[in-house]
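# Residue-level structure breakdown
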Amino acid sequence: MSGTVREEARWTRATLGRDGRPLDLLTARFDTFRYAPHAHDEFTIGVCVGGSEIIDYRGGRIHTGPGSIVVLAPGEMHTGGPAASDGFAYRALYAEPSLLTEGTLGGLPHFREPLLDDPELAAALRTAHTELSVCPDPLEAESRLPWLFTALARRHSTARPACDTVPGAAHIAHAVRDRLADELQAPPSLTSLATDLGLSRYQLLRAFRTTMGIPPYAWLAQHRVNRARGLLESGLRPAEVASLVGFADQAHLTRWFRRVLGVTPAAYRASVSPPA
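Cut-offs applied
- Residues numbered from 1 in each chain as written.
- Predicted model: local features only at pLDDT ≥ 70, side-chain atom pairs only at ≥ 80, totals over all residues.
- Heavy atoms only, no water.
- Axes fitted to C-alpha atoms, helices over the stretch in contact; angles between N-to-C directions.
- Helix = DSSP H or I, 4+ residues; strand = E, 2+ residues; numbered from the N terminus.
- Parallel < 35°, antiparallel > 145°, perpendicular 65-115°, else oblique.
- Left-handed = near helix turned anticlockwise from the far one by under 90°.
- Contact = heavy atoms within 4.5 Å.
- Nonpolar A, V, L, I, M, F, W, Y, C, P; charged D, E, K, R; others polar.
- 1 Å grid on protein atoms, 1.4 Å probe; cavity = no way out; pocket = protein on both sides within 12 Å on 5 of 7 lines; lining within 4 Å.
- Points joined across faces, edges and corners; volume = space filled by probe spheres on them.
- Core = buried A, V, L, I, M, F, W, Y, C linked by side-chain atoms within 4.5 Å.
- Buried < 20%, exposed > 50% of the residue type's maximum accessible area, 1.4 Å probe, protein only.

In this section: the packing of helix α1 (residues 119-134) against helix α2 (residues 138-156). Relative orientation of the contacting elements α1 and α2 amounts to 155°, with a least axis distance of 11 Å. By the angle between their axes, α1 is roughly antiparallel relative to α2. When the axes of α1 and α2 are compared, the crossing they make is left-handed. Across the interface between the two elements, E120, L121, A124, L125, T127, A128, E131 and L132 from α1 touch E140, A141, R144, L145, L148, F149, A151, L152, R155 and H156 from α2. Taken together, the residues of the contact of α1 with α2 break down into 11 nonpolar, 2 polar and 5 charged.

Its boundaries defined by the atoms lining it, the largest pocket holds a volume of some 250 Å³. Surrounding the largest pocket, 21 residues form its lining, T44, E53, I55, L72 and Y90 being those nearest its centre. Counting residues per element, the ones that place at least two in the lining of the largest pocket are β3 (35-38), β4 (43-51), β5 (53-57), β7 (69-72), β8 (78-82) and β9 (88-95). Counting residues per element, the lining of the largest pocket draws most heavily on β4, which supplies 5 residues.

Right, let's get into the nonpolar core. Burial of nonpolar side chains together is a common tendency in soluble globular proteins. Formed by 35 residues in total, the largest nonpolar core has its most connected members in V176, L180, F247, L253, W256 and F257. Looking at this core, the elements that each hand over two or more residues are α2, α3 (169-182), α4 (190-196), α5 (201-212), α6 (216-233), α7 (238-244) and α8 (250-261). Looking at which element gives the most residues to this core, the answer is α6, with 8 residues. Setting aside residues up to four positions removed in sequence, W256 forms contacts with Y217, A218, A221, V225 and F247. Counting 34 residues, the second largest nonpolar core, distinct from the first, contains L23, A95, L125 and A141.

In structure tokens form, the structure reads like this:
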């Protein structure tokens, strides 16, 4: 162990859709810190990303390791501290109970085992946590987090999966696509779109993913990039373009521009500008 003790905790907040409910995200790294017994009103969903933690919970002890998922139920007391001298690091999401009932039947899910081994889901939760902590885009948060929480409940709890068949999925997806394209600077929430279509949010997400192959936020980001190309070609600077097409800032535009086209907006603008 190095001579420097690391005790770091950073809270960020994502909003699930425009005017939606907030969801707290915690990024933590502790060498010696130990939590006193406490409980949360929400489900605590944690992914260990380094070291090992010991959690006292339900009269037993949980030993986490990198890649493991821990699910702690609302209102249940627990502690947390390092299992060894190298400390532990984790990412936690605090989800209100209703977020784990979308796409399932049988009421509030019960997780018999709080420690879960699901590398695919752990990686997806960690990635979503990291990216939303940097840029908590409301549509992105609403597209990603409820979907992942539904997967968590369906795979590992007592809840039963709801039917995944959504009649008229293509029509639904195209209606959502058109609304997002028309309101790209301030897109409506998926909850409001689902209500307008007489659906649950999970049904809307299912229909869109099935038809389009990607979630709504990813489709809108690519549409924004296509709009941004035209504005860059007209001579506008990336910082100007970002707000015009609905990205939070230039960094948000750059992240998606590179994902879609492989270059930065500035490099693209330079490549298509006429020679002086």
